Amino acid sequence: MAVASTDYAVQKTVELSLRNRVLWAMLGTALLLMLCRALGILPEWLIRLPEWAIPPSDIWLDAAFSFVQNDLGLIHVTRFVAEGPLEFLLDATANLLYGKRRWPDLGPIPWTAIAAAAAVIGYYLGGWRMSLLAGGTFVWTALIGQWEIAMQTMSVLTVAAPIAFLTGLGLGILAWKYAWFDKAIKPVLSVLQTLPFFTYLLPAVIFFKVGPTAGAVATIVYAIPPMILMTTLGLKKVSTEVVEAGHMSGCTRWQMLTRVYIPTARTEILVGVNQVIMLCLAMVVLTAFIGMPGLGAKLLAMMGSFKLGRSFEIGVTIVLLAIMLDRLSKAWVVKQPEHFERGTPWWQRHIFLLFTIGAFAVFVALAQVIQVFSEIGRTQHFSRGKEIDGIIKAALDIDMVQATTEWLRWFLNVNVLIPFRNSMLWVPTPAFILLVVAFAYWLGGRRPALYATVFFTIVAFSGWWDRSVITLYTVISAVIMATLIGIPLGIFAARSEKWSRRILLACDTAQTFPSFIYLIPAIMLFGVNDVAVVFSILIFSMVPLTRYTIEGLRTVPPEMTEAADMSGASRRQKLLSVQLPLALPTMAVGFNQAIMFAFFMVIIAAFIGTQDLGQELQRTLAGTELGKNFVLGMNVSLMALTFDLTILSWAEKRKKALGLA
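Residues numbered from 1 in each chain as written. Predicted model: local features only at pLDDT ≥ 70, side-chain atom pairs only at ≥ 80, totals over all residues. Heavy atoms only, no water.

Undergrad: Can you explain the overall build of the chain? Please cite residues and give values.
TA: Helix and strand counts for the chain come out as 29 helices and zero strands. Here the C-alpha radius of gyration of the chain, 27 Å, is about what a compact globule of 661 residues would show, namely 26 Å. For the C-alpha atoms alone, the extent of the chain along its principal axes is close to 85 × 65 × 60 Å. Evaluated residue by residue, the chain yields a buried proportion of 49% over its 661 residues. Long-range contacts, defined here as pairs at least 24 residues apart, represent 80% of the contacts in the chain between residues at least 6 apart. Taken as a whole, the chain presents about 32,500 Å² of accessible surface, with 66% of it coming from carbon and sulfur. Computing the positive centroid from 51 side-chain charges and the negative centroid from 39, the chain places the two 4 Å apart. (Helix = DSSP H or I, 4+ residues; strand = E, 2+ residues; numbered from the N terminus. Rg over C-alpha atoms; globule rule 2.2 N^0.38 Å. Buried < 20%, exposed > 50% of the residue type's maximum accessible area, 1.4 Å probe, protein only. Contact = heavy atoms within 4.5 Å. Areas by Shrake-Rupley, 256 points an atom, 1.4 Å probe, with all protein chains shown as cover. Lys, Arg positive; Asp, Glu negative; His and termini not counted. Charge placed at Lys NZ, Arg CZ, Asp CG, Glu CD.)

Here's what the structure looks like:
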């Protein structure tokens, strides 16, 4: 026993020594390359890859896409779908919700009827507060004069979300059933979840028609991955006792799936539904870039003309819709199915369904005789965009506010952001890759280091190295600043149950905001520059950092903190020596999500005006450069995956070391 223990200790010492030597070799080589550049003796081909060494990946991909699109005739299939069943569904929902003159030519449904039905559903799922939120959201939307543009968005959402749900459910069942399919689809899902949204838009425009059809397709594809993952997870967690009970009762294979597995995995599947709804709403707003009408298009137009008051009102509507859909779907997750005694009348078993239909019918009838119950005209709405615009401008014109924002803009640009960006761009490409690989090896181990080598080498040979480095500089700057604010805020909140509840509620609410919303305060305070970009990413990525810091600290075993108290540790010693080390694996998930959020947001921030991959991706939407669009998107995805794999690998190792795995 002692010999085995000694051998293990010797083996670990040898591994640690080898790891340190490899790390120092990589760091030493990177520093040597940087020193040679500083001395002016480094060859140009080691500073940046020469043009002749960069393969024309975009041209090859364009040729491949053209072959699939034209020679194989995929364009005819996609256009048939776009102009056939998909356009038919979109026209039907558009007609019902905002009166587009198409089949079944029954719309538009009065706003009061939709608000009343939503209020009853809200009461059924979560009581009077949920009823107030659901009904009040639609009342606000109508009274503020945004009903038609909101219904343009909802008409696509009501088509995209069910299709994404059914597709994700089917693929999730296949991944659960067949291990080979699960292994094949997981890397695809990882890439899809890290691809910037612009990469979804251009293929949708090329293969489908511009407007709602392309927006619906991009939204569906974007929302499918979490549904697949949650379905697979839920089905894998079904206990063997439940399965054996199903077999003993003589269930067929189909009955086992529909009456045993899926009902038992109900919670995970409904969490997937929640994710699908929220991602669909986020994406359907962003499809404004490809001609999708609705709230996103109006917000984009208002922000482009710097009408911040109107932008604020539209932003509030988007946020209310997001919160309503999020809360309703989460309430559906936790609400258990109701069971009735045999012989209970049908109307008692479906009392809320009858109330919903009744409320809907009453307000449809009232709308036929009272015009304002049917629609709110231009002269009847309560929009105060101009007044809010004046208030915002007056607030921003206050001397102290102007002085503070101008000083921050000057200080961050001159002393922090520009020097940091220039120093990252100055580093020779091979040295930069070695530093990233060394970081991945030090934190995550050999496998993440190998992935980092491959991924960043691909980025280097893509021909967009400098743009990629600028993207990375923006992400790192924002995440560092978010860490400096989010971690202390989480530590403060974790000390009190009251403050934990308040901050977590704020985090939950902020996570439902579509990403476009974060651009509004950034533009208001800092105008259009790098500080505004970093600020918008900072407030978006600070949410998971704060949330997982609180959750990590609150889940530290109480016996550990009691032992620290008994040993006479001060509050600071207990935090640094006990609580934070045990909370780090959970906090690592927050760091990981913050980086993923930052990579997502940096592409959206291209609207403000940047010099990174997001700006180039946005330009591709004006043409048909599908190859270039894919190369740029893959660069973002590969950089994000490098950090994702590294941090998650470290978190798993840390959990095992602490006995938490």
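Undergrad: Account for the nonpolar core, naming residues and giving values.
TA: Counting 202 residues, the largest nonpolar core has Phe197 and Phe516 as its most contacted members. With 17 residues, helix H27 (residues 571-604) is the single largest residue contributor to this core. (Core = buried A, V, L, I, M, F, W, Y, C linked by side-chain atoms within 4.5 Å.)

Undergrad: So what's going on with helix H7 (residues 179-194)? Residues and values would help.
TA: Across its 16 residues, H7 extends 23 Å between first and last C-alpha, which sits within 8% of the 22 Å expected from 1.5 Å per residue. Along H7, the positions that sit buried rather than exposed are Phe181, Asp182, Ile185, Leu189 and Thr194. If you follow the buried residues of H7, they end up packed against helix H6 (147-177), helix H9 (212-236), H27 and helix H29 (626-658). (Expected span 1.5 Å × (residues − 1).)

Undergrad: Which residues make up a nonpolar patch on the surface, and what values go with them?
TA: Taken together, the side chains of Trp346, Trp347, Leu353, Leu354 and Ile357 present a nonpolar region at the surface, about 510 Å² in accessible area. Where the nonpolar patch is concerned, the elements lending two or more residues are helix H15 (346-349) and helix H16 (351-369). Tallying contributions element by element places H16 first for the nonpolar patch, with three residues. Secondary-structure assignment places leucine 354 in helix H16. (Patch = residues over 30% accessible without salt bridge, like charges linked within 9 Å, V, L, I, M, F, W, Y side chains within 5 Å. Salt bridge = Lys/Arg side-chain N within 4 Å of Asp/Glu carboxyl O.)

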